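# Secondary and tertiary structure notes
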Amino acid sequence: EPARRVLLLGEGNFSFAASLCGAAGTHVVATCYESEEEVAARGRAAESIRRLRERGAEVLFSVDCTKLKDYFLPEKRDFDCIYFNFPHCGRKAGVVKNRELLAQFFHGSAEVLTVEGEIHVALCNGQGGTPADQPRREWHNSWQIVAVAAGAGFILSNVHPFKADTIHGYKCTGYRSQDKSFCVEGALNHIFTRSMPLPYFKPMICEIELESRKVSFQVPQVLVDKINRGFLELNSNHPVRTIKEKLTAELSQAFPLQNIDYCLSLLHQGHLNGVCHSNIFWIILSPEETPSTEEMSNGLANAVLFSHVDFCRDIDKNGWVNVPEGCHISKQYYLRPSLLPYAQAIIQRGAFLPGTLHVLSGPVFRKCLIAPYSMPVFHEMVFVCAVNRGTENKCIQMLMNNIKTSIYSFHQTVPRFKVSINLQETKSFETTELNDFAAFESQLSKIQYFICMEIDPSGSCEKGFCVGIIRTAHYELVSSELVVVFASLNLDLLAMLICGISDWRMLWTSDTRFLCQFPRGELRLFKSFSLYPPSYVHDVSFWVPDGEQFDEVAFHTVARQVSGEMVVSIQLIDSFQQSETGRKSLCYRLTFQSCDKALSRQEVAGMQLLFRKEINQRLRVALR
């Protein structure tokens, strides 16, 4: 196995390099900015350089950390680790100049670092500007290291104290470009790794079977990276599948169980009574679109093509899509927002066995406002059981007992938090207390109970977070004495709460550092590989079109689309109405932040410009 190549930059007296040199399987390349003559005059430098060379290390002088590829041949540029301890422009350089130095250093490092390599940057207490600094400086007065690194495609994956007293023979030097030591108490070592690049999503056509024929439709842009991910498939080790399998196994001990996932179409047709139509991803038949040559060669010549209706202004007050004049549309479809209609269809067709627990699962799609637990797509698990009238409460209790047992068993491997799960009657909840999942479910049909879960490190469990619902319904069937119990669980919310995942977007990351934390069949406490990601704030103000109700869900959906889900918060900070004309102006504040990728200030500025353009064109607002 080839030796691990380690590059050290900005060495003052080479004492840090000498402490690393000699480790088995490591080849050290130690460098400094000054000439050999300048360094030789520093105390202990000559001794450290001699030790390095004796142990086979390379020692280079007059190396500029911003132009690293100029000092190494192409075949010698792959370093596994780069160390830069206490970088500084010298003398009394301020924070701006030192940020510029770091920015150029990170860009230069990107050209000589292996794909899975690390960059270690040690900074004095407070310089980094992250919450790890104690005390923490104001952001504008820090080196803003996470934002600077993001500009070169790096994320902060770890941070820990720089313990100078544990490094054998190490002595810091270089205070104000002199052979003097400086205070390293409270110093931190910041470890950066490469980020996956920000995705560029091309338009995507999805092909499915619908009503015994092959159809294709254009996937809404905001869902392109979330369609057909296969998280629930047999070969998946995603935590949502692990939770589904353990729930299924537990429930199968109490009920005869039948899985019916195989027949669930992504598209649904017709109305969903009571549901706000701006929450639906509508798909309409588009006769003017014809298959391309490539599609025809792939046997899609007879497929029906659908297109996606992005915004609510294309839908009338009754929920039907407004179609351009001359365009004939016979049917309207939408991406399924719930599995409940499929469960109800099973009962209405009589395709069920009384007492058997029928299980449906799969992703569902809902337009929603941007919020920490509001997901435009998540994996739903629905249980359906028909029981004799009068025994429905017993069935509900059996369901809850087995769900509780499953969830409590998860915490044997994730023991950090206390967990409590219980039923809450709907009347004990105020409408404002409902999360997005529960609020949408309450539109579908009457709910008897919310399944609430609380994970509290302090051990005091109060009213929980809604992760599921239970409803009952009476059907005029062969036996009119049957009552049907429907239970629905949000598997993504369960995964987040159990594994300590604070951002729903992390469940959909394509970075392998997420799934590698969950070996097959195991749930563990998630450790983020992107710490303290930088956030950027932009405001936008505009006039609302006269006589129109502003569609905030559509506004948020545009933000999701143009940013690739990089907008984490949208707040209305001001509204104004002209008394003379009645025109209304709104001002919103957008916060951009990634949970798993490097996001730079320049990239966010581009997203903001595109967002302004899109809301002007699609929502017909007049920008101010």
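Before any of the text, the structure's been laid out above.
Residues numbered from 1 in each chain as written. Predicted model: local features only at pLDDT ≥ 70, side-chain atom pairs only at ≥ 80, totals over all residues. Heavy atoms only, no water.

### Section: the overall build of the protein
Summing up its helical and strand segments, the protein has 14 helices and 24 strands in all. A buried classification covers 52% of the 624 residues belonging to the protein. Just so you have it, the protein exposes about 29000 Å², and 49% of that area is on carbon and sulfur atoms. (Helix = DSSP H or I, 4+ residues; strand = E, 2+ residues; numbered from the N terminus. Buried < 20%, exposed > 50% of the residue type's maximum accessible area, 1.4 Å probe, protein only. Areas by Shrake-Rupley, 256 points an atom, 1.4 Å probe, with all protein chains shown as cover.)

### So, the pattern of salt bridges
One pass over the full model with this rule turns up 14 salt bridges. Ionic pairing is found between Glu 111 and Lys 69, a salt bridge with its closest N-O pair at 3.7 Å. Here Glu 111 is found in the loop between α4 (95-110) and β5 (113-123), whereas its partner Lys 69 is found in the loop between β3 (58-60) and β4 (79-85), with 42 residues between them in sequence. Exposure remark for Glu 111: the relative accessible area of 41% places this residue in the partly exposed category. On the basis of relative accessible area, Lys 69 is assigned to the partly exposed category, the value being 35%. (Salt bridge = Lys/Arg side-chain N within 4 Å of Asp/Glu carboxyl O.)

### Thoughts on the environment of Cys 32
Among the structural elements, Cys 32 can be located in the loop between β2 (26-31) and α2 (36-40). In this structure Cys 32 comes out as buried when scored by relative accessible area, which is 0%. Considering only alpha carbons, one finds Cys 32 and Ser 62, 30 residues apart in sequence, at a separation of 6.1 Å. The contact partners of Cys 32, leaving out residues within four places of it in the chain, are Gly 10, Glu 11, Phe 14, Val 39, Leu 60, Phe 61, Ser 62 and Val 63. (Contact = heavy atoms within 4.5 Å.)

### Notes on helix α13 (residues 552-563)
Taking 1.5 Å of rise per residue, 12 residues should cover 16 Å, and α13 covers 17 Å from first to last C-alpha, within 8% of that figure. Of all 12 residues in α13, 11 are buried, a share of seventy percent or more. Taken as a whole, α13 has its buried residues at Val 553, Ala 554, Phe 555, His 556, Thr 557, Val 558, Ala 559, Arg 560, Gln 561, Val 562 and Ser 563. Close packing links the buried residues of α13 with β21 (536-543), β22 (567-577), β23 (584-592) and α14 (601-618). For α13, the capping residue at the N-terminal end is Asp 551, with a side-chain oxygen 3.1 Å from the backbone nitrogen of Val 553. With its phi angle positive at about 65°, Gly 564 sits one or two positions after the end of α13. (Expected span 1.5 Å × (residues − 1). Polar contact = N/O pair within 3.5 Å; in protein donor to acceptor, adjacent residues only side chain to side chain.)

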